[in-house]
Amino acid sequence: MPAVPPQRPADGSDPRPYRIAMVCLGNICRSPMAQVVVESRLAEAGLAELVSVDSSGTGGWHVGDPMDHRAAATLSSYGYDGTRHRARQFTRGWDASYDLVLAMDEGNLADLRALTGGAGEAGRLRLFRDFDPDDPGAAVPDPYYGGGDGFEEVLRMVDRSADTLVAALTRELLPAGRADR
């Protein structure tokens, strides 16, 4: 199981939340779906106050737009709420404010490396599906130009990867003896 980069002192003295960014191309399909699912899993694991999750896109043409209606409908059909989402663009310098930046595919990862000057120390800049137990390191395909089944497929990938990510965060943020935090 992959680890998350440790960014907190072992004594738990850092009060800031662990910050994660999910990044795709336009921030209306994949990364906001991942954000919503991961936030839900974090709440279920009792980590919602310890971890902050954002999403953004490497392109800026959808900034301010809601989530794609098909992505929102897919999430809604499984009990998730994507209605609060508004697209944002990942900009130069943001990487410094995140402990972990997860790209949805290799193209997004290359764009992020260009934006951050290759920042990826300690594994902070990675693919989201590095946490997929079925196909680690694979891309989350962009469902935008396809039908509803593509959004279902993305949600299945996101679900699996979110479970593994939250398990890794639990190990990092709640080591033995700190589970009561």
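Heads up: these notes are all about the structure in this document. (Residues numbered from 1 in each chain as written. Predicted model: local features only at pLDDT ≥ 70, side-chain atom pairs only at ≥ 80, totals over all residues. Heavy atoms only, no water.)

## Here we look at the packing of aromatic side chains
Argument step 1. Throughout the structure, instances matching the rule amount to 2 aromatic pairs.
Argument step 2. Positioned over the ring face of Tyr144 is Arg70, at 5.5 Å from the centre of the ring. (Phe/Tyr/Trp six-rings, centres within 6.5 Å; stacked < 30°, edge-to-face > 60°. Lys NZ or Arg CZ within 6 Å of the ring centre and 35° of its normal.)

## Remarks on the sheet that holds strand S2 (residues 51-57)
Argument step 1. Taken in spatial order, the 4 strands of this open sheet run S2-S1-S3-S4, and their pairing is parallel. The open sheet has two free edges, formed respectively by S2 and strand S4 (125-127), since each of these has just one partner strand. Each strand of the sheet is rotated relative to its neighbour by a mean of 25°, with strand direction disregarded.
Argument step 2. Relative to the sheet, helix H3 (residues 106-116) contacts strand S1 (18-24), strand S3 (100-103) and S4, its axis offset from that of S4 by approximately 175°.
Argument step 3. The sheet strands contacting helix H4 (residues 148-173) are S1, S2 and S3, and the helix crosses S1 at an angle near 160°. (Pairing = 2+ DSSP bridges. Helix = DSSP H or I, 4+ residues; strand = E, 2+ residues; numbered from the N terminus. Axes fitted to C-alpha atoms, helices over the stretch in contact; angles between N-to-C directions. Contact = heavy atoms within 4.5 Å.)

## Overview of the pairing of S1
As a general feature of sheets, a regular strand has side chains that alternate between the two faces.
Argument step 1. Of all 7 residues that make up S1, 6 are buried, and the element is covered over most of its length.
Argument step 2. In the classification by handedness, the crossover that spans S1, the intervening helix H1 (residues 30-44) and the parallel S2 is right-handed.
Argument step 3. With 4 bridges joining them, S1 and S3 adopt parallel strand pairing. Looking at the pairing, Ile20 lines up with Leu100 of S3. (Buried < 20%, exposed > 50% of the residue type's maximum accessible area, 1.4 Å probe, protein only. Right-handed = clockwise from strand over helix to strand, strands pointing away.)

## Considering the packing of H1 against helix H2 (residues 69-77)
Argument step 1. Two numbers describe how H1 lies on H2: the axes approach to 10 Å, and their chain directions differ by 20°. One way to sum up the angle between H1 and H2 is to call them roughly parallel. Both H1 and H2 take part in a crossing whose hand is right-handed. Contact residues: H1 offers Met33, Val36 and Val37, while H2 offers Ala71, Thr74 and Leu75.
Argument step 2. When grouped by side-chain class, the residues that make up the contact of H1 with H2 number 5 nonpolar, 1 polar and no charged. (Parallel < 35°, antiparallel > 145°, perpendicular 65-115°, else oblique. Left-handed = near helix turned anticlockwise from the far one by under 90°. Nonpolar A, V, L, I, M, F, W, Y, C, P; charged D, E, K, R; others polar.)

## With respect to the side chain of Arg126
Argument step 1. Relative to the assigned elements, Arg126 resides in strand S4.
Argument step 2. Since its relative accessible area comes to 16%, Arg126 is described here as buried.
Argument step 3. If we skip the residues at most four places from it in the chain, Arg126 touches Pro2, Ala3, Val4, Pro5, Leu100, Val101, Leu102, Ala103, Leu109 and Phe131.

So yeah, pure geometry; function would need other evidence.
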